[in-house]
Each structure stands twice: as C-alpha cells, then as structure tokens.
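Residue strings, one per chain:
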Amino acid sequence: MTTCRRVLWRVLDGVWLMALAIYVLAGVDSVPFHGDESSLIAMSRDYVYLMQQRALEPVLYDPSPADPMEQELRLINGTVGKMAMGLAWDLAGLTGDDLNRPWLWGADWDYNVRNGHLPGERLLRAARLSSAVLTVLSVIAVAGAAGLLGGRPAAWAAALFYVTAPAVLLNGRRAMMEGSHLAFSTWTALAALLILREQARRPWRRRRLAWLYATLGALAGLAVASKHPAAMVVALAFAGVALQPLRCPLERRAWIGHAGRVLGAGVLALLVFLALNPAWWSDPLGMPGRVLEMRRTLLDQQVQGFGGYESWGERLAELVTQAFGAAPQYYESPGWAEWVADEIARYDGSLLAGRPGGWGWGAVMAALTAAGAWALGRRWREDVALGALGWAAGIALALLLATPLAWQRYYLPLQPPLAVLAGYGLATLGRWAVRRGGRWLEGAA
C-alpha cells in the first residue's frame, strides 16, 4: 500500500470514528434521567475538596463521619467518573455551590426536587458530557481490538455494533460511572491484546514490552478506580499475559524478566488505584474488607428490594438476553416510570437510542458473534485470537456467577468483547462472500 493510500485510509478511519463519536454525544441531552445521576454528581464535591480547596482531610476515611451518606458513596463508588464530572462543570463555569444533593430513593420525585436533590440543567449536561466523552474513548478501544483481529473491516463493524448497542448509549451518556468504567476496562483489554501479540514474536523487544506493561498497569489502575467490578477485566488481562509463555516455554532468564514485568505492572496498577482513592490512605490495609462488606450489603438490599434470581437457568437466560436482545432498562425502581415517561417516549422515538431492542436485531447480533467466535476458535494457535475469546468468555462466566439480579448496568462489561466478536464475524463472512463470488465469476467466465 502506497503512502498516499495509507494516509487516505487513516483519514477515513478518523472520519468514521468521529461520526460515531458525534452520534454518542448527540444524545446527551435527550437521554432519560436516572436518580443515580444525582448521587454521582453530588460525589463530584470531592473535586472541590481536592482540586479547588487543596484539602485532603474531608475525603479521608473517618470511623465517625459527619456525613455518613457522603462517605459511603465515596467508598463504594469509583472516583474517576466523579472527578471527570467535577472538571467538566468547572470548565462550564459552575462552582461547588451549584451542586445538588444525592438522590433520596425513599422519597418521591417532588420531595427530591423541592429539597435540592435534582441537578440543574447546565450541571447535568456538563456531567453527562464528561461521561459520554469517556464512552467515546471506549469506542476507539473496541475498534482497536477488532482491528488487531480482522483489520479495518472488523474494526469499523465492531465500532458500529458497539455504538448502536442501546445499553451502551443509555448508560454511557448518563452522569454515572459507566462511561469511565467502559473506557478504561476496554483499554485495559486492548493493552493486554497488544502484549499478547508482542510476546508471540521472537525475540521479544524488551523496551517495547516494558512500555506496554507500564501502559497495562496504569490503565488497570484507572479501570478499577472507575468502578470496582472492572477488576474482572483486569484479572483476565493479567492472567492472559502472565500465562501466555506456557504455550511456548521460556528459558529461566526469560521467565525472570517476564515475571518482573507482570509484577511491575501489577504494582503500578495498585499505586494508580490508591493514588486515585485518597479515602483509602488513612487505612489502606483495612479498606478492602470494609468496601467489600459494604458492596455485599448493598447487593443484598437490592436483591431484597427488587428480587433476585431463583435458579441458574434464570441467570443464564438473563445473561443471554442482556448480551443480545435486551431493550434499554431506563429504570430499576417500578415507580420511576411515571416520573420520566415523557422523557423515555421522546428518547425512544428519536434516532439516537441505538438499534431496537428485542430478538429481531438480537438474533442477528447473536449469529454474528457466534460466527466471530467460531472463526477465532479456528485460530486458537494465535495468542491474540485466544485472548479475545478469553476476554468474552471470562466476562460472561464472571457475570453469570456474580450478578444476583437483572440490572442492565451490571451486564455492560459484556458489550465491548461481544462487539469485537460480532465485528470480526461480519468481516469474516464478508471475506468469505467475496471469495465465493470471485470463484463463481471465474467459473462463469
């Protein structure tokens, strides 16, 4: 390929991704409101403490906090999204005085509005934009991962499938943790795939590997700091790159260097996570158990309040439905429907909500994903292909085991790897059709 053609294709790549980014950002104002947006925006007060007041004391853990709700939200939720929201409303000319209070789920809509729990329009828009921009970053990572497997056709298709997924658009546009979660967990997976490709080469380029492992560590720390369940993707990424040399045994000296890089990336991930979670600094050893217990209690309360799965069959059925055929879940609390019904109707009636939910498109996506998985399975000797399959299968298994109730947000980590498989599946079918068509034309001639 000549230099001019290469540059032209790169420009077209940029135009395609820019068009998809504009589509994501265009729906920021119209996406229906969720009460958790109030809580996450309220959490961005930590931006005031840390970045504007330069005060560490208000965010450190306190056994007897002045505001228990504020501390609980700080500990059980990620920090990257709320700091991005703080930067966004700061750039928009707003101040800490414009912040709302967390949403009170035990009270009705009117009570929350009267008592300052609903964010203002400018504040909500700024916070949502920060999340949507991070969602756009995840689109680039999905395209990059698919491109590693199947080149440009797979990358373009995967990015399109991902951007039109209703659950990605709905949750990625809202002022919640999902934008940062999707962004950094997907980039973590991409970094791992790049390492797998590099380590498959002999001899290894040690300097390049060192940079890739440093990138993996930094992204992994950002991912878990965005939302704690991102630890699933991080664990899969580290397991994949750490165990890869078992397929082609190394000399003892090479194993030592490999172990050092993996350990170094892990330490860097931990340091990045801690740096982004100052609430942990006063008790770093006791905080993991405390946070796990708080998250377990929260999940138990959600199951008691909204009902959980009663069998493994229900878990598996919901996993498949959320992967391919689920409509957008605009709310979890049944009473919420009457408050945002008009917003839902407008959003559903627009062209900004992505492809329709249900098993019409769902069956197509399932078929393309199966085709992609089958085609990658035939390439099982290639480490990158095996890594992509492990990403999808590992996340699916983790969600099957760990998700106790049918909340769509909890299944979002499935969407990036499934989009990659579906994009690769479409590219594979397209190449097969072109070859068959070419042979048919040759025979006809």
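Given the structure is predicted, the values throughout are model-derived calculations rather than measurements.

J.: Hey, could you run me through the overall build of the protein chain in this one?
T.: Within the protein chain, the regular secondary structure consists of 18 helices and 0 strands. Here the C-alpha atoms of the protein chain give a radius of gyration of 23 Å, agreeing with the 22 Å that 2.2 N^0.38 yields for 445 residues. A principal-axis box enclosing the C-alpha atoms of the protein chain has dimensions of 75 × 55 × 50 Å. Taken across its 445 residues, the protein chain has 47% of its residues classed as buried. Working note: accessible area of the protein chain is about 21100 Å², and carbon and sulfur atoms make up 64% of it.

J.: How should I be thinking about empty space enclosed by the protein in this particular structure?
T.: Gaps left between atoms are located by rolling a probe of water-molecule size over the structure's atoms. Inspection of the entire model under this criterion finds 3 cavities of 30 Å³ or more. If you add up the space inside the largest cavity, you get close to 110 Å³. Around the largest cavity, the lining is made up of 16 residues, and of these Pro 166, Gln 322, Phe 324, Ala 326 and Arg 355 lie nearest the centre. Elements represented by at least two residues in the lining of the largest cavity include exactly helix H8 (166-173), helix H14 (312-325) and helix H16 (359-377).

J.: Would you mind going over the pattern of salt bridges with me for this structure?
T.: Per the stated rule, a full pass over the model turns up 14 salt bridges. Put simply, Glu 70 and Arg 74 hold a salt bridge, and the shortest N to O gap is 3.1 Å. One end of the pair, Glu 70, and the other, Arg 74, are both in helix H4 (residues 68-76), 4 residues apart, so they sit about a helical turn from each other. Residue Glu 70 is classed as partly exposed on the basis of its relative accessible area of 25%.

J.: What exactly am I supposed to notice about helix H13 (residues 287-306) here?
T.: With 20 residues, H13 should reach 28 Å at 1.5 Å per residue; the first-to-last C-alpha distance of 28 Å fits that figure. Restricting attention to buried positions, one finds in H13 the residues Met 287, Val 291, Met 294 and Gln 302. Viewed along the axis of H13, the buried residues span an arc of 75°, placing them on a single side of the element. Exposed and facing more than 90 degrees away from the buried side of H13 are Leu 292 and Gln 304. Looking at the buried residues of H13, the elements they touch are H4. Remark: Gly 307 follows H13 within two positions and exhibits a positive phi of approximately 90°.

J.: Whenever I open this one, the nonpolar core confuses me. Can you help?
T.: Side chains of a nonpolar character, in soluble globular proteins, are inclined to be buried together. In this structure, Ile 41, Trp 89, Tyr 213, Leu 216 and Leu 376 are the most contacted members of the largest nonpolar core, which totals 113 residues. With 20 residues, the top contributor of residues to this core is helix H7 (residues 121-163). Discounting chain neighbours no more than four positions away, the residues touching Trp 89 are Ser 44, Tyr 47, Val 48, Gln 52, Leu 94, Thr 95, Gly 96, Leu 99, Leu 123 and Ala 126. The next biggest cluster of nonpolar side chains, apart from the first, holds 5 residues, and it includes Phe 161, Met 365, Leu 368 and Ala 422.

J.: In this structure, what is going on with the environment of Val 31? I would like to understand it.
T.: Tracing the chain through its elements places Val 31 in the loop between helix H1 (3-26) and helix H2 (35-43). Take Val 31: its relative accessible area is 1%, and that puts it in the buried class. When the C-alpha atoms of Val 31 and Ala 398 are compared, they prove to be 29 Å apart, with 367 residues separating the residues in sequence. Non-local contacts of Val 31, meaning those with residues more than four positions away in its chain, are made with Arg 128, Leu 170, Arg 173, Arg 174, Glu 343 and Tyr 347.

Quick notes on the rules
Residues numbered from 1 in each chain as written. Predicted model: local features only at pLDDT ≥ 70, side-chain atom pairs only at ≥ 80, totals over all residues. Heavy atoms only, no water. Helix = DSSP H or I, 4+ residues; strand = E, 2+ residues; numbered from the N terminus. Rg over C-alpha atoms; globule rule 2.2 N^0.38 Å. Buried < 20%, exposed > 50% of the residue type's maximum accessible area, 1.4 Å probe, protein only. Areas by Shrake-Rupley, 256 points an atom, 1.4 Å probe, with all protein chains shown as cover. 1 Å grid on protein atoms, 1.4 Å probe; cavity = no way out; pocket = protein on both sides within 12 Å on 5 of 7 lines; lining within 4 Å. Points joined across faces, edges and corners; volume = space filled by probe spheres on them. Salt bridge = Lys/Arg side-chain N within 4 Å of Asp/Glu carboxyl O. Expected span 1.5 Å × (residues − 1). Arc of directions from axis to C-beta. Contact = heavy atoms within 4.5 Å. Core = buried A, V, L, I, M, F, W, Y, C linked by side-chain atoms within 4.5 Å.

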